[in-house]
Amino acid sequence: MTTTTREIHLASRPQGWPTPENFRTVTTELPDPGPGEVLVRNTVLSVDPYMRGRMNDTKSYVPPFALDAPLEGGAVGEVVASGDDSLSPGDTVLHQAGWREHALLPAAQVRKVDAGQVPASAYLGVLGMPGLTAYVGLTRIAPVQEGDTVFVSGAAGAVGSIVGQVARELGASTVIGSAGSAEKVRWLTEDLGFDAAFDYHDGPVARQLADRLDGRGVDVYFDNVGGDHLEAAIGRMADFGRIALCGAIASYNDEQPAPGPRNLMLLVSRRVTMRGFIVTDHGDAAREFYERAGAWVAEGRVRYRETFTEGLDSTVAAFLGLHRGDNIGKMLVRL
Ligand code: NDP
């Protein structure tokens, strides 16, 4: 028996903004799982900003995506056939063979998850890589201390929305976020408990941040955006403040590198620490995070939201939408 299924390949490497022509949907046949393998019907696919970097043919912390091969990424699905004793049909699993309707994988490359308490999609967001990224940044890279003022950019996204709430759980007294629309700002302040938030389209980030700080300095800045957000945050850091460099989505589709912050000397005079990180280096934090985050979510202390597109054919649009701010919370594709 074989399973007829579809997968999305990278057809060419984007220059600047990706276009639908950079991708190709391919119909393929998968054999039944052999010994030690499982066949998974994917139910939810993740699209993430880091995938843009993997579309370039450059050396980085993960190898580039291959051309004319299925793209990869986080996904959850249901085991439909198993050649391994550890997994049975009906099990819900998390794995990295996304961008496709079915995945044939070694059982060792899938993790069984409990979809009883939370929907399986949560393991792609709040209880998955983005949630862990928020936690690592706030505990290992730019540790939050009791009473801190925390600023996060990209605050209504998968990572940023968790950053603001986890910062509060870790003792922050003031949490400020920036995001790209009035609706996102309302969500942050009315539903997630941010003390203040602003739409960065409404005026210079430096001025809007200064207005919300009301004379305070930023003790922790969690940077998802780079560019003018980073420069604005540096301009408002408190003495001995900490900056976690998580991402710089404002520049991911730039063909020429944007100029860096013009005020780096302030890091010296204010004795600020600025450190970049990659979540996959911090597997040691994962168990601690899953225990704490599981409880925070169950108690409603950390809330999350998901934006779904429907069907494999919407995956490219979902990915492109991330770069236009189409998502509130985690961007996902439901199959
Ligand atoms: P998000 O869910 O935050 O989605 C991306 C968001 O970026 C959009 O919703 C959009 O929201 C915002 N955005 C897009 N373009 C711009 C721009 N020019 N200026 C400001 N904001 C912009 O994605 P994630 O939460 O998955 O990722 C957030 C960041 O964290 C990314 O930089 C990503 O690369 C990084 N990351 C880093 C990891 C690590 O290990 N270091 C791991 C995971 C993520 P808006 O409407 O607000 O503009």
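Draft legend 1. How the structure looks around the packing of aromatic side chains. With the rule as written, the count across this model stands at nine aromatic pairs. Measuring from centroid to centroid gives 6.3 Å for Y135 and W296, while their planes differ by 55°, and the two rings are tilted. Of this pair, Y135 sits in helix α2 (residues 129-141) while W296 sits in helix α8 (residues 286-298); the two residues are 161 residues apart in sequence, bridging distant segments of the chain. A single burial state applies to Y135 and to W296, both of which are buried. When the ring centre of Y290 is taken as reference, the NZ or CZ atom of R111 above it lies at 5.3 Å. The side chain of R305 reaches across the aromatic face of W187, ending 5.5 Å from its centre.

Draft legend 2. Summary view of the environment of A238. With respect to the helices and strands, A238 occurs in strand β12 (residues 237-245). Sequence-wise, A238 and A155 are 83 residues apart; in three dimensions their C-alpha atoms are separated by 20 Å. Not counting chain neighbours up to four residues away, the residues in contact with A238 comprise G217, V218, D219, R270 and V272.

Draft legend 3. Geometry of the site of the ligand. Near the ligand there are 26 residues, and of these K184, Y200, Y252, V279 and N327 occur at the shortest range. Residue V279 places a main-chain N or O atom 2.7 Å away from an oxygen atom belonging to the ligand. Burial of the ligand by the protein amounts to 90% of the accessible area it has alone, namely 900 Å². For the shell around the ligand, the residue count by class is 16 nonpolar, nine polar and one charged. Shared between two domains, the shell around the ligand takes at least three residues from each, and those domains are domain 1 (2-125 + 304-334) and domain 2 (129-281).

Rules behind the numbers
- Residues numbered from 1 in each chain as written.
- Predicted model: local features only at pLDDT ≥ 70, side-chain atom pairs only at ≥ 80, totals over all residues.
- Heavy atoms only, no water.
- Phe/Tyr/Trp six-rings, centres within 6.5 Å; stacked < 30°, edge-to-face > 60°.
- Helix = DSSP H or I, 4+ residues; strand = E, 2+ residues; numbered from the N terminus.
- Buried < 20%, exposed > 50% of the residue type's maximum accessible area, 1.4 Å probe, protein only.
- Lys NZ or Arg CZ within 6 Å of the ring centre and 35° of its normal.
- Contact = heavy atoms within 4.5 Å.
- Near = heavy atom within 4 Å.
- Polar contact = N/O pair within 3.5 Å; in protein donor to acceptor, adjacent residues only side chain to side chain.
- Areas by Shrake-Rupley, 256 points an atom, 1.4 Å probe, with all protein chains shown as cover.
- Nonpolar A, V, L, I, M, F, W, Y, C, P; charged D, E, K, R; others polar.
- Domains from an automatic or database assignment.

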